[in-house]
Amino acid sequence: MARKAKAGFTPSRAKNLVGVAKVVAPALIPVLAPVIARGAGVLSEQYDRYRARRLGIDVADIGKYSGYGARLHARIVGFSESMETLRATDSDWVSKTEARLAQLLAAVRASERMPTARRKAAHRAVGTDLEMLEQELLRRLNVR
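Source: prediction; values computed, not measured.

Trainee: So what exactly am I meant to see when it comes to the packing of aromatic side chains here?
Mentor: Describing an aromatic ring pair means giving the distance of the ring centres and the angle of the ring planes. Inspection of every chain in the model, using the stated rule, returns 1 aromatic pair. Positioned above the aromatic ring of tyrosine 68, the side-chain terminus of arginine 119 is 3.6 Å from the ring centre.

Trainee: I'm lost on the pattern of salt bridges in this one. Help?
Mentor: Opposite charge on two side chains makes pairing possible when the charged atoms of those side chains draw close. Taken as a whole and judged by the stated rule, the model has 11 salt bridges. For arginine 51, the salt bridge identified is with aspartate 48, shortest N-O distance 3.9 Å. Here aspartate 48 and arginine 51 lie together in helix α1 (residues 11–55), a separation of 3 residues that amounts to about one turn. Exposure remark for arginine 51: the relative accessible area of 24% places this residue in the partly exposed category. Aspartate 61 is the partner of lysine 64 in a salt bridge, and the nearest nitrogen-oxygen pair spans 3.5 Å. A residue is classified by how much of its surface remains accessible, and aspartate 61, at 25% relative accessible area, is partly exposed. Here the salt bridges share partners, and the residues they tie into one network are Asp90, Glu136, Arg139 and Arg140.

Trainee: Can you help me understand the domain arrangement of the protein chain in this one?
Mentor: Segmentation of the protein chain into domains returns domain 1 (14–55) and domain 2 (59–143). Each of domain 1 and domain 2 has a C-alpha centre, and these two points are 40 Å apart. The interface is formed by 6 residues belonging to domain 1 together with 7 residues belonging to domain 2. The junction of domain 1 with domain 2 conceals about 600 Å² of combined surface from both sides, 68% of it contributed by carbon and sulfur atoms. Among the residues of domain 1 in contact with domain 2, Arg51, Arg54 and Leu55 are the three that bury the most area, contributing 67% of the side total.

Trainee: Help me understand unusual backbone geometry, please; the structure alone is not making it clear to me.
Mentor: Note: most peptide bonds trans; most residues except glycine with negative phi. If you check the backbone angles, asparagine 142 has positive phi at about 60 degrees while not being a glycine. Here asparagine 142 is to be found in the segment after α4 (116–140). Note on asparagine 142: relative accessible area 61%, which makes it exposed.

Thresholds, definitions, all that
- Residues numbered from 1 in each chain as written.
- Predicted model: local features only at pLDDT ≥ 70, side-chain atom pairs only at ≥ 80, totals over all residues.
- Heavy atoms only, no water.
- Phe/Tyr/Trp six-rings, centres within 6.5 Å; stacked < 30°, edge-to-face > 60°.
- Lys NZ or Arg CZ within 6 Å of the ring centre and 35° of its normal.
- Salt bridge = Lys/Arg side-chain N within 4 Å of Asp/Glu carboxyl O.
- Helix = DSSP H or I, 4+ residues; strand = E, 2+ residues; numbered from the N terminus.
- Buried < 20%, exposed > 50% of the residue type's maximum accessible area, 1.4 Å probe, protein only.
- Domains from an automatic or database assignment.
- Contact = heavy atoms within 4.5 Å.
- Buried area = accessible area lost by both parts, 1.4 Å probe.

Next comes the structure, spelled out in structure tokens:
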């Protein structure tokens with residue numbers, strides 16, 4: 001009687017695959033390496049765009065905002081840029097607020113090296129303070 005061939009993975013089949021790989025791999029690596037590198041570059045660019053969209057910033061500025069406090073950092077910088085419209089009418093408040101924003105930004109940067117619980121507490125405190133400043137800015141801009 002004829003024996004049926006096993007359909008599973010056998011040691012002799014593994015040896016054959018290794019032999020084929022030794023012959024084929026040197027020919028395929030130079031062809032596939034640029035394709036793989038290009039694919040990795042595209043994935044990296046898409047991820048950067050995703051992060052920039054989440055932070056509400058331009059992709060070119062993504063390097064400025066990294067770490068655990070990236071969102072807060074981006075919010076603070078965006079807030080300080082939006083205050084320029086009030087500089088002519090309410091320069092005293094703008095200068096006080098800019099000083100406070102500098103303190104908040106320093107707190108966000110310092111919290112990067114804190115233990116998780118302290119960092120999260122610091123981020124909550126900065127976020128709460130920033131929300132109050134944003135509400136005051138909207139009030140001064142007559143946006144309700």
